[in-house]
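What the coordinates show
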Amino acid sequence: MINLDTLGIDSESGNKGMLTRKIEILVGLFLLAGLAAFLVLVFNVANVQVSRGDSTYTLYAKFGNVGGLKVRSPVKVGGVVVGRVKAIKLDPVKLEPVVTLLMDKQYSSFPDTSSLAILTSGLLGEQFLGLKPGFVDDGVSMLKNGDSIDDTQSALILEDLIGQLLYSMSSKSK
Amino acid sequence: MSVIVIDKIANVGRWAIDNVMGMGRAGIMLYSAIVRLPRFKKGTALLVKQLYVVGVQSMVIILVSGLFIGMVLALQGYTILVGYGAEQSLGPMVALSLLRELGPVVTALLFAGRAGSALTAEIGLMKSTEQLSSLEMMAIDPLRQIIAPRFWAGVISLPLLALMFSTIGIYGAHIVGVDWKGIDSGSFWSILQASVEWRSDIVNCLIKSVVFAVVVTWIALYRGYHVIPNPEGISKATTQTVVQSSLAILALDFLMTTMMFGQ
């Protein structure tokens, strides 16, 4: 009736050691499975990158309008991801959005005549930064850590376009 | 006339006092069970045993239901998303709904039914057969010997089970979406990875399931420890454990969702 084992009192049964061993192994497997699930979620699903501190460099760019650009949006050159947006802030003096880019050091030879544009993947998709490498000439140096890209093109705001379209249509019909 | 009114008022008052006393007793039970000096050697052995009962034995139901819930989410999501040509977004849809809501909540509900009711029945029977009193007569504190290891086992296992549930659910969605419905495997993973945030999704999933674990185990232990010592009382306590923990889980989930994702 009274099970001493559930009360946590050592009972004098013969194969107790074997049973405890089996339970310990199963509990160990359970904890390891939980840890494995956590690691899969972190590294495979959330795709957290363990990056060494010196593998990136920072660039800045000012835009008129960043539209729907978000932190962690990719920076692409011809479709290849070369960096990510680290921060989007408003310049307190000029009241312009300033985007901080974290670029991969693997791709570090962009001339400072390069231009940045906020593009949209698909018609209604996520927005990303398209980097277009500029020409290389004698007086042109390469972008370094902390440099800013001056030639930028703001996001295309669909509402503005529709507004312009309606305006031009109404002025045409007059 | 006025006597009846006063009686009614007294009933309300008694109901309120009973409830507050119940909460107080539950608080004292938990406090005195977990705020004690731990005894490492003996405590670990007890904890391992309870981890086996509460965690390992709940694993099968959690893994199977996680797999099926992931698969069914993917199937339903696919039929709707394919109408917009957006079937690539299946991955984030399944992963976010699993990590943010279904993982912690469904795991906690299943846990309340699988482990919570068993805890209440076990402790309730110990109480009704005076086993807890006999432990006290042997100078063994039943709170430390019986309640504390079960509480910690619940708090450790439920978050782990919720993580396993979400993980296997995502792989279930992968089976349906990629292997069966023919979504491209690369875009399934890359869009999923782009939209799942480590801080806001996985950490919040863990916070939610730890809160649910504390609440479910606490209710189960309290209902068992303060059972009315007869068969009817045990059956009532077991039912109350499942009903009250399910309601608490759903209400707390709404509260935490508004705090975490409401803005």
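Keep in mind the model is a prediction, meaning the values are calculated, not measured.

Basis of the calculations
Residues numbered from 1 in each chain as written. Chains lettered and ligands numbered in written order. Predicted model: local features only at pLDDT ≥ 70, side-chain atom pairs only at ≥ 80, totals over all residues. Heavy atoms only, no water. Helix = DSSP H or I, 4+ residues; strand = E, 2+ residues; numbered from the N terminus. Buried < 20%, exposed > 50% of the residue type's maximum accessible area, 1.4 Å probe, protein only. Contact = heavy atoms within 4.5 Å. Areas by Shrake-Rupley, 256 points an atom, 1.4 Å probe, with all protein chains shown as cover. Buried area = accessible area lost by both parts, 1.4 Å probe. Salt bridge = Lys/Arg side-chain N within 4 Å of Asp/Glu carboxyl O. Nonpolar A, V, L, I, M, F, W, Y, C, P; charged D, E, K, R; others polar. Core = buried A, V, L, I, M, F, W, Y, C linked by side-chain atoms within 4.5 Å. Pairing = 2+ DSSP bridges. pLDDT = per-residue confidence, 0-100. Axes fitted to C-alpha atoms, helices over the stretch in contact; angles between N-to-C directions. Parallel < 35°, antiparallel > 145°, perpendicular 65-115°, else oblique.

All right, on to the overall build of chain A then. Helix and strand counts for chain A come out as two helices and eight strands. Helices and strands in chain A line up, N terminus first, as α-β-β-β-β-β-β-β-β-α. In chain A, which comprises 174 residues, the share counted as buried stands at 28%. In chain A, 61% of the contacts between residues at least 6 apart in sequence involve partners at least 24 apart. Accessible surface computed for chain A: about 11400 Å², of which carbon and sulfur atoms make up 59%.

Right, let's get into the interface of chain B and chain A. On the side of chain A, 28 residues touch chain B, which itself brings 38 residues to the contact. Around 2800 Å² of area is buried between chain B and chain A when both sides are counted, 75% of it from carbon and sulfur atoms. Of all residues in chain B, Tyr52(B), Gln131(B) and Gln193(B) give up the largest surface area on contact with chain A, accounting jointly for 19% of the area buried on that side. Put simply, chain B and chain A have zero salt bridges between them. Secondary-structure elements contributing two or more residues to the side of chain B that touches chain A are α2 (40–81), α3 (90–128), α4 (131–137), α5 (142–180), α6 (185–195) and α7 (198–225) of chain B. If you tally residues by element for the side of chain B that touches chain A, the top one is α5(B), at 13 residues. Residue composition of the side of chain B that touches chain A, by class: 25 nonpolar, eight polar and five charged.

Right, let's get into the nonpolar core. Within the largest apolar cluster, 73 residues are counted, with the highest numbers of intra-cluster contacts made by Val45(A), Ile147(B), Ile170(B), Leu192(B) and Val196(B). Tallying contributions element by element places α5(B) first for this core, with 17 residues. Residues in contact with Ile170(B), not counting those within four places in the same chain, are Leu41(A), Val45(A), Ala95(B), Leu98(B), Phe188(B), Trp189(B) and Leu192(B). In this structure, Leu59(A), Phe63(A), Phe110(A) and Ile118(A) belong to the second largest nonpolar core, which totals 21 residues.

What follows concerns the pattern of salt bridges. Residues and elements named next belong to chain B. One pass over the structure, following the stated rule, counts seven salt bridges over all chains. The partner of Asp253 in a salt bridge is Lys208, with the nearest N and O atoms 2.9 Å apart. Taken together, the positions of Asp253 in helix α8 (residues 231–261) and Lys208 in helix α7 put the pair 45 residues apart, joining distant regions of the chain. Across the pair, exposure class does not vary: Asp253 and Lys208 are buried alike. Shared partners join several salt bridges into a network, and the residues in it are Glu101, Lys208 and Asp253.

Take the environment of Val20(B) next. Residue and element names in this part refer to chain B. Following the sequence through the fold, Val20 ends up in helix α1 (residues 2–34). With relative accessibility at 56%, the residue Val20 sits in the exposed group. Taking C-alpha positions, Val20 is 37 Å from Gly66, a pair spaced 46 residues apart along the chain.

Here we take up the sheet that holds strand β8 (residues 151–153) of chain A. Pairing is mixed in the open sheet, where eight strands are placed in the order β7-β1-β4-β3-β2-β6-β5-β8 (chain A). Both edges of this open sheet fall to β7 (148–149) and β8 of chain A, since each of them pairs with a single strand only.

The next thing to look at is the confidence of the model for chain A. Residue-level pLDDT values for chain A average 80, and 84% of them are 70 or greater. By mean pLDDT, the top-scoring element of chain A is strand β4 (residues 97–104) of chain A (88), and the lowest-scoring one is β8(A) (83).

All names here are of chain A. Along the polypeptide, Thr58 turns up in strand β1 (residues 56–62). The class for Thr58 is buried, based on a relative accessible area of 18%. Other than its neighbours up to four places away in sequence, Thr58 contacts Thr100, Leu101, Leu102, Lys144, Asn145, Gly146 and Asp147.

Next up on the list: the pairing of strand β3 (residues 80–90) of chain A. All names here are of chain A. Both strand β2 (residues 74–77) and β3 contribute to a ladder of four bridges, which runs antiparallel. Across the sheet, Pro74 pairs through a bridge with Arg84, a residue of β3. Between β2 and β3, which pair antiparallel one after the other, the connecting turn spans two residues, and Gly78 there sits at a positive phi close to 55°. Pairing of β3 with β4 involves seven bridges; the strand directions are antiparallel. Directly across from Arg84, in β4, lies its bridge partner Leu102.

Moving on, we come to unusual backbone geometry. Here the phi dihedral of Leu95(A) falls at roughly 55°; this positive angle occurs in a residue that is not glycine. Topologically, Leu95(A) is positioned in the loop between β3 and β4. Here Leu95(A) falls in the exposed class, since its relative accessible area comes to 59%. Look at Glu130(B): it is not a glycine, yet its phi comes out positive at around 60°. The exposure class assigned to Glu130(B) is partly exposed, which follows from its relative accessible area of 49%.

All names here are of chain B. One can describe the packing of α1 onto α5 by two numbers: an axis separation of 8 Å at closest approach and a directional angle of 95°. If you check the angle between α1 and α5, you find them roughly perpendicular. Of α5, the residues touching α1 (which contributes Met29, Leu30, Ser32, Ala33 and Ile34) are Leu143, Ile147, Ala148, Phe151 and Trp152. Considering only residue class, the contact of α1 with α5 consists of nine nonpolar, one polar and no charged.

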